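Observations on the model geometry
Each chain is listed here by its residues.
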Amino acid sequence: MAAHIWIIVAAVLFWNKGECQEAVLHVSNGALHKDYCLVYNSSWSNISDSLSDAVKYELVNLTYSMLCDEGTMKPGSLDGKAVAVMRGGCAFSRKAQVAQDLGAAVLLITSKEEMTTPSANHTEYGKVKIPLALMRYSDFLDAQKVFSDKMEVQLFAPPIPPFDVSIIVMLALAVFTIAMGGFWSGAVERAKQNAGPSLSGGEERADGGDVMLYSPLKVLLFVVLMCGMLVLMYFFYKWLVYVIIVIFCLASATALYSCLNALSNAVGCSKLNVSCGERSCSVRSLLLAAVCITLAVVWGVYRNEDRWIWILQDLLGVAFCLHFMKTITLSNYKICVFLLSLLLIYDVFFVFITPFLTPNGESIMVQVALGPGAGGEKLPVVMRVPRFSAWAQNLCMMQFSILGYGDIIVPGLLVAYCHRFDVWIGSNRIYFISCTIAYCVGLAVTFAVMLLSRMGQPALLYLVPFTLITSAAVALSRKEFRQFWAGTTYQVLDSSREPLIPDGEAAYPSSALKC
């Protein structure tokens, strides 16, 4: 299950398409004004695309009525006004025709149910001549509290630009995470060398709990297991999603503690040990643990509060990715190539091939990543950044650009290996820097293709070739590819602290465990 958290959303950057047909209801009363969400049918209603061009109407409150007939109202009694009525009782087109007969210029239907795009039979579209839109009944009650009964309204639907600043924020967040994770892994490797004799290899756990993957067979079984978990999530999402949420809370709290503890050590923060009898405890550790558990619990409780919880989710996500990249290490470039290639195939299959196998023609990866419904639970294993330019859409429901943790962790394992190799050969971080730049360029290309195609992209399709080819090219240019391919398991260096792998040849002590 932990592996499933790692890569379940390995390549999705997705946003809602333009067919959502959200608009803005601008309510004003003198200098006071406020905006609310509207949902309309663009083939039925013609709404201005800017506030400056939108006509201002006086709003009449008829929410006590469903307006399925004229009742006691006389034709022309709503002449040139916008009218708000309650949803239900009859079809949308019937309400619109009655409002037209009474002289209304705009019909707003308040809804206590989930808002959907208003529609009717094609024969009814031509009979409706006025704009018609749905708004939440709770929003209407809020407007009454703010403006009393004296309200003027304007309807407009601002266009969504193809490029959004959230893409730049996401790029910066991903590159920062992968660079810091690779740096941390290299720093831990250097600390191991400086600590004195030790042996690291296979899947043997070091004192810090790190695990090294070295067996191609186990890597293959690992990817097969992930495929099985993704399929299970597709068929049993509504139950398994809660298991993933609980595991994420536990794993992210642990990861955040590890990151904050390492940061505290780096800046020289005292542990403040307190003795109680024969036992002692660290006040700093207790405080950090309390903070991390509190943040994980807050996320778990408020995980569906989209307006602000994305900040906490991204914080926990960065910590999770950093801890994973530091804890799981790949022994050599051969294992890196094998793992990343398998995950690339996994990614492409579940994004591009599975739409031909599913009843609704949607990919398994996208459906699992986005959840079965707009109001349902969603997997927490993604970075989320709001689409800042989707103004009207954000009024109705926050729109996000999302990037799976796998798009950071999978290439990040290679970046981490590159930094450890720099440490082994005593270089000036040439492999680490080159691979990090390659990741940045690959992710930028992913975003560019996404914008041009207007489709979510499997990011590993671009990230894997960019990072693998770049790191191999650096090794070839420096004539170190044989060492880079084979990697090393090491015994501690002697007191001179010479590079572990001398230039031009691999140094494998006879007592070392070979990869």
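Reading guide: rules and limits
Residues numbered from 1 in each chain as written. Predicted model: local features only at pLDDT ≥ 70, side-chain atom pairs only at ≥ 80, totals over all residues. Heavy atoms only, no water. Patch = residues over 30% accessible without salt bridge, like charges linked within 9 Å, V, L, I, M, F, W, Y side chains within 5 Å. Areas by Shrake-Rupley, 256 points an atom, 1.4 Å probe, with all protein chains shown as cover. Salt bridge = Lys/Arg side-chain N within 4 Å of Asp/Glu carboxyl O. Helix = DSSP H or I, 4+ residues; strand = E, 2+ residues; numbered from the N terminus. Expected span 1.5 Å × (residues − 1). Buried < 20%, exposed > 50% of the residue type's maximum accessible area, 1.4 Å probe, protein only. Pairing = 2+ DSSP bridges. Axes fitted to C-alpha atoms, helices over the stretch in contact; angles between N-to-C directions. Parallel < 35°, antiparallel > 145°, perpendicular 65-115°, else oblique. Contact = heavy atoms within 4.5 Å. Nonpolar A, V, L, I, M, F, W, Y, C, P; charged D, E, K, R; others polar. Phe/Tyr/Trp six-rings, centres within 6.5 Å; stacked < 30°, edge-to-face > 60°. Polar contact = N/O pair within 3.5 Å; in protein donor to acceptor, adjacent residues only side chain to side chain. Right-handed = clockwise from strand over helix to strand, strands pointing away.

An unreviewed UniProt entry annotates the chain as PA domain-containing protein of Pygocentrus nattereri.

A separate point is a nonpolar patch on the surface. A cluster of nonpolar residues, F349, F352, I353, F356, L357 and L461, forms a patch on the protein surface that exposes about 590 Å² of accessible area. A total of three residues in the nonpolar patch trace back to one element, the largest contributor, which is helix α10 (residues 333–353).

For helix α9 (residues 309–327), which comprises 19 residues, the first-to-last C-alpha distance of 27 Å matches the rise-based estimate of 27 Å (1.5 Å per residue) to within 8%. Taking burial as the measure, the 19 residues of α9 include 16 buried ones, the bulk of the element.

Backbone-to-backbone hydrogen bonds join strands into a sheet, with any given pair of strands oriented parallel or antiparallel. Spatial ordering of the closed barrel is given by β1-β2-β6-β5-β4-β3-β7, a layout of seven strands whose pairing is mixed. The mean angle between the axes of side-by-side strands here comes to 40 degrees, regardless of whether they run parallel or antiparallel. By the bridge criterion, five bridges tie strand β4 (residues 82–86) to strand β5 (residues 106–111) in an arrangement that is parallel. Of the residues in β5, the one forming a bridge with A84 is L108.

So, about the packing of α10 against helix α13 (residues 406–425). Two elements in contact, α10 and α13, have axes whose closest approach is 10 Å; the angle formed by their N-to-C orientations is 170 degrees. Classified by the angle their axes make, α10 and α13 are roughly antiparallel. Contacts between α10 and α13 pair Y333, C336, L339, L340 and L343 from the former with V410, L413, L414 and Y417 from the latter. Taken together, the residues of the contact of α10 with α13 sort by class into nine nonpolar, no polar and no charged.

The next thing to look at is the pattern of salt bridges. Taken as a whole and assessed by the stated rule, the structure comprises six salt bridges. Its salt-bridge partner being D139, residue R136 comes within 3.3 Å of it at the nearest N-O pair. For D139, a relative accessible area of 14% puts it in the buried group.

Here the focus is the packing of aromatic side chains. For the coordinates displayed, the defined rule picks out 20 aromatic pairs. On the numbers, 5.3 Å between centres and 45 degrees between planes, the contact of Y417 with F484 is tilted. Taken as a pair, Y417 in helix α13 and F484 in helix α16 (residues 481–486) lie far apart in primary sequence, 67 residues in all. Take Y417: its relative accessible area is 0%, and that puts it in the buried class. Summarising the aromatic geometry, the rings of Y431 and F484 are spaced 5.0 Å apart at their centres and angled 20 degrees between planes, so their arrangement reads as stacked.

For the rest of this paragraph, the subject is the side chain of H419. Of note, H419 is situated in helix α13. From its side chain, H419 meets the backbone oxygen of G182 in a polar contact 2.9 Å long.

As a further point, take the pairing of β5. The two faces of the sheet receive side chains in turn, since in a regular strand these alternate between them. For β5, the buried fraction is high: six of the six residues fall into the buried class. Along β5, one buried face is formed by V106, L108 and T110 and the opposite face, lined by L107, I109 and S111, is buried too. Following the backbone out of β4, through helix α2 (residues 92–101) and into the adjacent parallel β5, one traces a crossover that is right-handed. For β5 and strand β6 (residues 132–136), the ladder comprises five bridges, and the chain directions are parallel. Following the sheet pairing, S111 is matched in β6 by R136.

The subject of this paragraph is the side chain of S48. You can see S48 is positioned in the loop between β2 (32–40) and β3 (57–62). Within the structure, the side chain of S48 is placed 3.0 Å from the backbone oxygen of S50, a separation counted as a polar contact. With residues near it in sequence (within four places) discarded, S48 still touches D53, A54, L155, F156 and A157.

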